[in-house]
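The primary structure of each chain is shown beneath.
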Amino acid sequence: MSNTKSSVTTPSIVTDFKEITKMGLSLSVVFSSIAGYLLGAQTISFSSLVLLSFGGYFMVGASNAYNQIIERDLDALMDRTKNRPIPAGRMSVNTAFIIATSFTILGLITLYIINPKTAMWGAISIFIYTCVYTPLKTKTALSVFVGALPGAIPFMLGWVAARNDFGIEPGTLFAIQFFWQFPHFWSIGWFLFDDYKKGGFFMLPTGKPDKGTAVQIILYSIWTVLASIIPVFGFTGDLKLSIVGAVVVFLLGMVMMFYAFKLFKERTKKAAKELMLSSVFYITMLQIVYVADKFLT
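Cut-offs and rules
Residues numbered from 1 in each chain as written. Predicted model: local features only at pLDDT ≥ 70, side-chain atom pairs only at ≥ 80, totals over all residues. Heavy atoms only, no water. Helix = DSSP H or I, 4+ residues; strand = E, 2+ residues; numbered from the N terminus. Rg over C-alpha atoms; globule rule 2.2 N^0.38 Å. Buried < 20%, exposed > 50% of the residue type's maximum accessible area, 1.4 Å probe, protein only. Contact = heavy atoms within 4.5 Å. Areas by Shrake-Rupley, 256 points an atom, 1.4 Å probe, with all protein chains shown as cover. Lys, Arg positive; Asp, Glu negative; His and termini not counted. Charge placed at Lys NZ, Arg CZ, Asp CG, Glu CD. Expected span 1.5 Å × (residues − 1). Bend = angle between axes of the 7 residues up to and from the residue. Axes fitted to C-alpha atoms, helices over the stretch in contact; angles between N-to-C directions. Parallel < 35°, antiparallel > 145°, perpendicular 65-115°, else oblique. Left-handed = near helix turned anticlockwise from the far one by under 90°. Nonpolar A, V, L, I, M, F, W, Y, C, P; charged D, E, K, R; others polar. Core = buried A, V, L, I, M, F, W, Y, C linked by side-chain atoms within 4.5 Å. Phe/Tyr/Trp six-rings, centres within 6.5 Å; stacked < 30°, edge-to-face > 60°. Salt bridge = Lys/Arg side-chain N within 4 Å of Asp/Glu carboxyl O.

A look at the overall build of the chain
Part 1 of the reasoning: Along the backbone of the chain there are 14 helices and 0 strands.
Part 2 of the reasoning: Mapped in sequence order, the helices and strands of the chain form the string α-α-α-α-α-α-α-α-α-α-α-α-α-α.
Part 3 of the reasoning: Relative to the compact-globule value of 19 Å for 297 residues, the chain shows a C-alpha radius of gyration of 20 Å, a close match.
Part 4 of the reasoning: Projected onto its principal axes, the C-alpha positions of the chain cover 65 × 50 × 30 Å.
Part 5 of the reasoning: Looking at the chain as a whole, 48% of its 297 residues are labelled buried.
Part 6 of the reasoning: For the chain, contacts bridging at least 24 residues in sequence account for 73% of all contacts bridging at least 6.
Part 7 of the reasoning: With an accessible surface of roughly 13900 Å², the chain has 70% of that area assigned to carbon and sulfur atoms.
Part 8 of the reasoning: Each charge sign in the chain was given a centre, from 24 positive and 15 negative side chains, and these centres are 3 Å apart.

Structural notes on helix α7 (residues 116–136)
Part 1 of the reasoning: Helix length check: α7 (21 residues) gives 29 Å between terminal C-alpha atoms against 30 Å at 1.5 Å per residue, within 8%.
Part 2 of the reasoning: At Y129, α7 shows its maximal kink, close to 30 degrees.
Part 3 of the reasoning: Every buried residue of α7 is listed here: T118, A119, W121, G122, S125, I126, I128, Y129, T130, Y133 and T134.

A word on the environment of G107
Part 1 of the reasoning: As for its placement among the helices and strands, G107 is situated in helix α6 (residues 93–114).
Part 2 of the reasoning: Through-space distance from the C-alpha of G107 to that of L173 is 22 Å; in sequence the pair is 66 residues apart.
Part 3 of the reasoning: If sequence neighbours within four positions are ignored, G107 has contacts with G55, F58 and M59.

With respect to the packing of helix α9 (residues 153–163) against helix α10 (residues 168–191)
Part 1 of the reasoning: With their axes 7 Å apart at the nearest point, α9 and α10 run at an angle of 165 degrees to one another. Judged by the inter-axis angle, α9 sits roughly antiparallel to α10. Along this stretch, α9 crosses α10, giving a crossing that reads as right-handed. Contacts between α9 and α10 involve I153, F155, M156, W159 and V160 from the former and E169, P170, L173, F174 and Q177 from the latter.
Part 2 of the reasoning: The class makeup of the residues in the contact of α9 with α10 is 8 nonpolar, 1 polar and 1 charged.

Topic: the nonpolar core
Part 1 of the reasoning: In terms of nonpolar packing, the biggest core is built from 80 residues, with L39, V249, Y282 and Y290 touching the most fellow members.
Part 2 of the reasoning: The greatest single-element share of this core, amounting to 10 residues, is contributed by helix α14 (residues 269–296).
Part 3 of the reasoning: In this view, Y282 contacts W180, T224, V225, S228, V249, L252, G253 and M256; residues no more than four positions away in its chain are not counted.

Concerning the packing of aromatic side chains
Part 1 of the reasoning: Applying the stated rule across the entire model yields 20 aromatic pairs.
Part 2 of the reasoning: Taking 5.3 Å as the distance between ring centres and 85 degrees as the angle between the ring planes, the aromatic pair formed by W186 and Y220 counts as edge-to-face. Pair noted here: W186 is in helix α10 and Y220 is in helix α12 (residues 211–229), with a separation of 34 residues, a long-range link.
Part 3 of the reasoning: For Y220, a relative accessible area of 24% translates into the label partly exposed.

A closer look at the pattern of salt bridges
Part 1 of the reasoning: Tallying each qualifying case throughout the model produces 11 salt bridges.
Part 2 of the reasoning: Between D79 and K82 there is a salt bridge, with the nearest N and O atoms lying 3.5 Å from each other.
Part 3 of the reasoning: What makes K82 partly exposed here is its relative accessible area of 38%.
Part 4 of the reasoning: Residue K262 is joined to E274 by a salt bridge in which the shortest nitrogen-to-oxygen separation is 2.8 Å. Of this pair, K262 sits in helix α13 (residues 243–266) while E274 sits in helix α14, and the two are 12 residues apart along the sequence.

Notes on the side chain of S143
Part 1 of the reasoning: On the secondary structure map, S143 appears in helix α8 (residues 143–151).
Part 2 of the reasoning: Owing to a relative accessible area of 0%, S143 belongs among the buried residues under this scheme.

Below, the structure is given as structure tokens:
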């Protein structure tokens, strides 16, 4: 009894809160949203940036909490997730639900203060992720396609927050992050294939880590790079990219392509993990390059 009491410490509560909201993932989403905002902003509003940061975190945190509530029994079967707060018994479903619901309400209110369109896209994101993507993960590999929809919204959301409008510019930002989702999540599905299999999740397009999956990863990597340099041609309205910026983005894309072809050649978990890491590096640096290109050229 004394051991149980001593385990419920402030550090463990903070850690469980970070895990139930997936703080690392949530902060990366906030980063994408801020990048999109800076690209769209004609005049930067500090208050809007703060609201977007908190609202973005609330919405993603809520999605992750709902996801862990729904998948708690499956999470208990997988090594990478069995120590999450709910399956490990450190947090009740009711507590997680209160966190998720509170974050949803706070997120919608915060984003609505910026403008209604931003709140609408935030609501669409959490609905698709929770009510469509999560249930489909044990049914079909097409779940990755569905999950790529809310996953691509953050970059676009920032622009909508800045302009209160949806057009070719945020649509392009959406396309970049949409195509990027496939090599990123398929590489995760590859090196965690055995663990996902324990939970009954279908993450790879062919159902297994094989040559067919590797080919599709290469194809979607190509689409990602092509979508990323489109603004240099002047077809995307106010979203522009200089020739220098496009060259840098293209070279970054070639790094990711190198690891995609390496996975095709080796078809190992190690190669898949390297591709995953390179994809994270790519999307992060792309957003930095886009923002720097706007303000420095």
